[in-house]
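The primary structure of each chain is shown beneath.
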Amino acid sequence: IIVDLLTIRADRDRYYYGVDILFERHPDVIKRLCLDAPGLLYTLLDGLIWRSRVTENGQRRVNYYIRHLLQDMHGGFAKNTEWITDSGDPKVMCHPIVSMVTDLVW
């Protein structure tokens, strides 16, 4: 379900990407995954990265969707980084999106 929600789809009128709906409905999804299903956390983080299928000069365009990792629904600082750090999983801490978020904040 996580992979399906975080797949970018399009029709003739607009693009669809379920990350906003996921974090609006479940603002503590990172916490729940860290506690109950740590194996799915890496899948969620992978879904927050879009990689172009086209390469130019050996490089590929990448978009990181980090808003929900940095900011909560009320505009304050989100606790997602804290929950990821508290999980203590080195594989998750080395994920490119977690590295991007922590580099921006610190």
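Up top you'll find the structure we're talking about.
Described below are features of the structure shown in this document.

Calculation rules
Residues numbered from 1 in each chain as written. Predicted model: local features only at pLDDT ≥ 70, side-chain atom pairs only at ≥ 80, totals over all residues. Heavy atoms only, no water. Pairing = 2+ DSSP bridges. Helix = DSSP H or I, 4+ residues; strand = E, 2+ residues; numbered from the N terminus. Core = buried A, V, L, I, M, F, W, Y, C linked by side-chain atoms within 4.5 Å. Buried < 20%, exposed > 50% of the residue type's maximum accessible area, 1.4 Å probe, protein only. Contact = heavy atoms within 4.5 Å. Arc of directions from axis to C-beta.

## A closer look at the pairing of strand 4 (residues 59–64)
- With five bridges connecting them, strand 3 (residues 49–56) and strand 4 associate as antiparallel partners. Each residue of the ladder has a partner; that of Ile49, found in strand 4, is Tyr64.
- Between strand 3 and strand 4, which pair antiparallel one after the other, the connecting turn spans two residues, and Asn57 there sits at a positive phi close to 55 degrees.

## Focus on the nonpolar core
- Grouped together as the largest cluster of nonpolar side chains are 23 residues, with contacts concentrated most on Ile30, Leu41, Leu44, Leu45, Leu48 and Ile97.
- When residues of this core are assigned to their parent elements, the largest contribution, four residues, is made by helix 3 (residues 29–36).
- If near-sequence neighbours (up to four positions away) are discounted, Leu44 is found in contact with Ile2, Leu6, Leu22, Val29, Ile30 and Leu33.

## Digging into helix 3
- Regarding helix 3, the residues found buried are Val29, Ile30, Leu33 and Cys34. Mapping the buried residues of helix 3 onto a view down its axis gives an arc of 135 degrees, with all of them on the same face. Facing away from the buried side of helix 3 by over 90 degrees, the exposed positions are Leu35 and Asp36.
- The elements touched by buried residues of helix 3 are helix 1 (2–5), helix 2 (19–25), helix 4 (38–47), helix 5 (67–70) and helix 6 (80–87).

It is worth stressing that arrangement in space is one thing and function is another; only the former is reported here.
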